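# Structural overview for review
Listed here are the chains, written in short residue letters.
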Amino acid sequence: MNNNDEVKRIDLKLIYKRIEVHKKVFLITLPMVLILSYLLILAKPRTYSSSTVMAPEMGSSVNLNSIGDLASSFGIDLPSGQTVDAISPLLYPNLMSDNGFVSKLFKVKVKTIDGQVNATYYDYLLKHNKAPWWTMALEWMKAKLSSTHRQAGGYTKFDPYHLSKIDNDLAGAIRSSIKITTDKKTGVISITTEAQDPMVCKTLADSTRSLLQQYITDYRTSKARNDVKHYQDLVNDAKRQYEGVRQAYGAYSDANMDVILESFKSKQEDLENDMQLKFNAYSALLTQLNVAKAKLQDRTPAFTTIQGAEVPIKPSGPKRMVFAFAMTIIAAVLLTLWYSREVIFSE
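What counts and how
- Residues numbered from 1 in each chain as written.
- Predicted model: local features only at pLDDT ≥ 70, side-chain atom pairs only at ≥ 80, totals over all residues.
- Heavy atoms only, no water.
- Helix = DSSP H or I, 4+ residues; strand = E, 2+ residues; numbered from the N terminus.
- Buried < 20%, exposed > 50% of the residue type's maximum accessible area, 1.4 Å probe, protein only.
- Contact = heavy atoms within 4.5 Å.
- Axes fitted to C-alpha atoms, helices over the stretch in contact; angles between N-to-C directions.
- Parallel < 35°, antiparallel > 145°, perpendicular 65-115°, else oblique.
- Nonpolar A, V, L, I, M, F, W, Y, C, P; charged D, E, K, R; others polar.
- Salt bridge = Lys/Arg side-chain N within 4 Å of Asp/Glu carboxyl O.
- Left-handed = near helix turned anticlockwise from the far one by under 90°.
- Polar contact = N/O pair within 3.5 Å; in protein donor to acceptor, adjacent residues only side chain to side chain.
- Pairing = 2+ DSSP bridges.
- Core = buried A, V, L, I, M, F, W, Y, C linked by side-chain atoms within 4.5 Å.
- Phe/Tyr/Trp six-rings, centres within 6.5 Å; stacked < 30°, edge-to-face > 60°.

What follows deals with the overall build of the protein chain. Along the protein chain, the regular secondary structure elements total 12 helices and 6 strands. A total of 347 residues make up the protein chain; the buried ones form 33% of that total. Of all intrachain contacts in the protein chain linking residues separated by at least 6 positions in sequence, the fraction that spans at least 24 positions is 78%.

With that settled, consider the packing of helix α5 (residues 121–128) against helix α7 (residues 165–177). Viewed as axis vectors pointing N to C, α5 and α7 meet at an angle of 100°, and their least axial separation amounts to 11 Å. The angle between the axes of α5 and α7 places the two elements in the roughly perpendicular class. Along its contact with α5, which presents Tyr121, Tyr122, Leu125 and Leu126, the element α7 presents Ile166, Asp167, Leu170, Ile174 and Ser177. Split by residue class, the contact of α5 with α7 holds 7 nonpolar, 1 polar and 1 charged.

Two side chains of opposite charge can pair, provided their charged atoms sit close to one another. Summed over the entire model, instances satisfying the criterion amount to 7 salt bridges. Here lysine 202 ties to aspartate 206 by a salt bridge, and the two come within 2.7 Å at their closest N and O atoms. Of this pair, lysine 202 and aspartate 206 are both found in helix α8 (residues 198–220), 4 residues apart, which corresponds to roughly one turn of the helix. Of the residues examined, lysine 202 reaches a relative accessible area of 24% and is grouped as partly exposed. Across the pair arginine 209 and aspartate 206 runs a salt bridge whose closest N-O atoms are separated by 3.6 Å. Within this pair, arginine 209 and its partner aspartate 206 are both found in helix α8, separated by 3 residues, close to a single helical turn. Each member of the pair arginine 209 and aspartate 206 is classed as buried. Among the ionic contacts, a cluster of salt bridges with common partners joins Lys202, Asp206 and Arg209.

Here helix α2 (residues 23–42) crosses helix α11 (residues 320–339) at 145°, and the two axes come no closer than 8 Å. In terms of crossing hand, the pair formed by α2 and α11 is right-handed. Together, Val25, Phe26, Thr29, Leu30, Val33, Leu34, Ser37, Tyr38, Ile41 and Leu42 of α2 and Arg320, Met321, Phe323, Ala324, Phe325, Met327, Thr328, Ala331, Ala332, Leu335, Thr336 and Tyr339 of α11 make up the contact between the two elements. Its residues assigned to classes, the contact of α2 with α11 shows 17 nonpolar, 4 polar and 1 charged.

Examined against the element boundaries, threonine 328 turns out to sit in helix α11. Residue class for threonine 328 comes out buried when judged on its relative accessible area of 13%. One polar contact links the side chain of threonine 328 to the main-chain carbonyl oxygen of alanine 324, over a distance of 2.8 Å. If near-sequence neighbours (up to four positions away) are discounted, threonine 328 is found in contact with Leu30, Val33 and Leu34.

With antiparallel pairing, 4 strands are arranged side by side in an open sheet as β4-β5-β1-β6. Strands at the two margins of the open sheet, each flanked by one partner only, are β4 (178–182) and β6 (303–307). The sheet shows a mean angle of 25° between the axes of neighbouring strands, direction not considered. Across 4 bridges, strand β1 (residues 48–56) lies against β6 in antiparallel orientation. Counterpart to alanine 55 in the pairing with β6 is threonine 304. Packing of α7 onto the sheet brings it into contact with β4 and β5 (189–195), and relative to β4 it is tilted by some 45°. In the packing of α8 onto the sheet, the strands contacted are β1, β4, β5 and β6, and the crossing angle to β5 comes to about 145°.

Negative phi is the rule for most residues except glycine; trans is the rule for most peptide bonds. Cis peptide bonds are those with omega within 30 degrees of zero, and the linkage from glycine 317 to proline 318 qualifies with -5°. Residue placement: proline 318 occurs in the loop between β6 and α11.

Counting residues in each nonpolar core, the largest one holds 30 residues, and the members touching the most others are Tyr121, Ile174, Ile178, Ile189 and Leu212. Elements with a contribution of two residues or more to this core: α4 (99–102), α5, α7, β4, β5 and α8. Considering every element that reaches this core, the biggest residue donor is α8, with 6 residues. In contact with isoleucine 178, not counting residues within four places along its chain, are Met96, Leu105, Ile191, Thr192, Thr193, Leu204 and Thr208. Tyr282, Leu285, Leu289 and Ala292 belong to the second largest nonpolar core, which has 7 residues in total.

Under the counting rule described, the total for this entry stands at 6 aromatic pairs. When the ring of phenylalanine 26 is compared with that of tyrosine 339, the centres are 6.3 Å apart and the planes differ by 50°; the resulting orientation is tilted. Of this pair, phenylalanine 26 sits in helix α2 while tyrosine 339 is found in helix α11, placing the two residues 313 residues apart along the sequence. No difference in accessibility class separates phenylalanine 26 from tyrosine 339, as the two residues are buried. Between phenylalanine 101 and tyrosine 215 the ring centres are 6.3 Å apart and the planes differ by 85°, which places this aromatic pair in the edge-to-face class. Placement of phenylalanine 101 in helix α4 and of tyrosine 215 in helix α8 is noted, with a sequence separation of 114 residues between them. Given the relative accessible area of 26%, tyrosine 215 is considered partly exposed.

This is a description of form; function is not addressed.
Next up, the structure:
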């Protein structure tokens with residue numbers, strides 16, 4: 001076996017001669033590819049992109065020192081330490097996979113920049129969103145071949161986890177037009193939206209940011225809000241009991257003001273003691289309610305909008321000239337490979 005294997009060399013001059021021989025084909029084909037590619041991409045609607053960036057309060061742990069000090073002043077001992085969130089901020093982008101989260105965007109009111117369309121985002125996607133002719137042709141063929149056709153379920157009364165075919169397609173379109181990313185180091189959340197109208201694009205970015213903020217707030221304050229509701233119910237019940245006993249004590253004292261019998265005095269003392277016990281219970285529960293409200297306030301995250309969503313001026317895509325020139329280059333390479341195949345692939 002020869003250790004010095006021969007390296008196959010391609011004769012570029014011979015390839016150039018082959019191109020010269022078939023230059024008419026190149027001169028005819030390449031301009032046609034350029035024009036046809038441009039006309040093809042011209043049928044695809046222009047899209048606009050808008051971005052917004054926000055920084056939520058990094059509250060994966062809750063500091064209970066200040067609340068503990070407040071509670072201890074009233075004789076209530078609270079455990080100190082840290083509570084770790086079950087849902088990391090890195091998982092927020094996965095919310096776009098949830099139909100319950102995505103379907104809330106159906107109700108968002110959008111208005112085109114020319115003011116001709118003023119509807120919900122659901123109706124905008126269903127009736128006013130443009131599509132290239134090949135997509136429309138494919139949808140027409142699917143509708144003809146399909147034996148059953150389900151109508152859109154709408155957004156007022158429907159189960160987000162049991163969508164119709166049309167609603168499911170619209171939810172998929174929303175997922176493809178919204179991108180949520182989270183910076184692992186800083187926790188900054190970036191939202192990028194895409195739409196065929198610049199004003200709709202900006203509205204969608206703002207609405208997604210607000211929806212995400214509401215979701216984060218509801219999640220982080222869920223237990224605290226339940227605690228506040230629980231203690232509020234206990235306080236209301238304790239207050240009713242205290243007021244009932246107080247009224248009974250006042251009525252009994254007024255009715256037996258001049259009575260000196262020990263039996264009456266004993267019953268009056270019992271009512272007074274019961275009233276004091278009810279007041280102490282009411283006062284203790286009221287203190288716990290205030291502590292629960294303080295915890296709710298502490299758990300409520302704050303958001304800082306680092307970059308607000310803007311109305312884009314220039315479209316983000318498709319890049320028509322780039323696409324046309326790319327297709328022309330690919331056509332030129334394919335023609336060169338075809339006419340020079342004997343030179344390139346020869347033994």
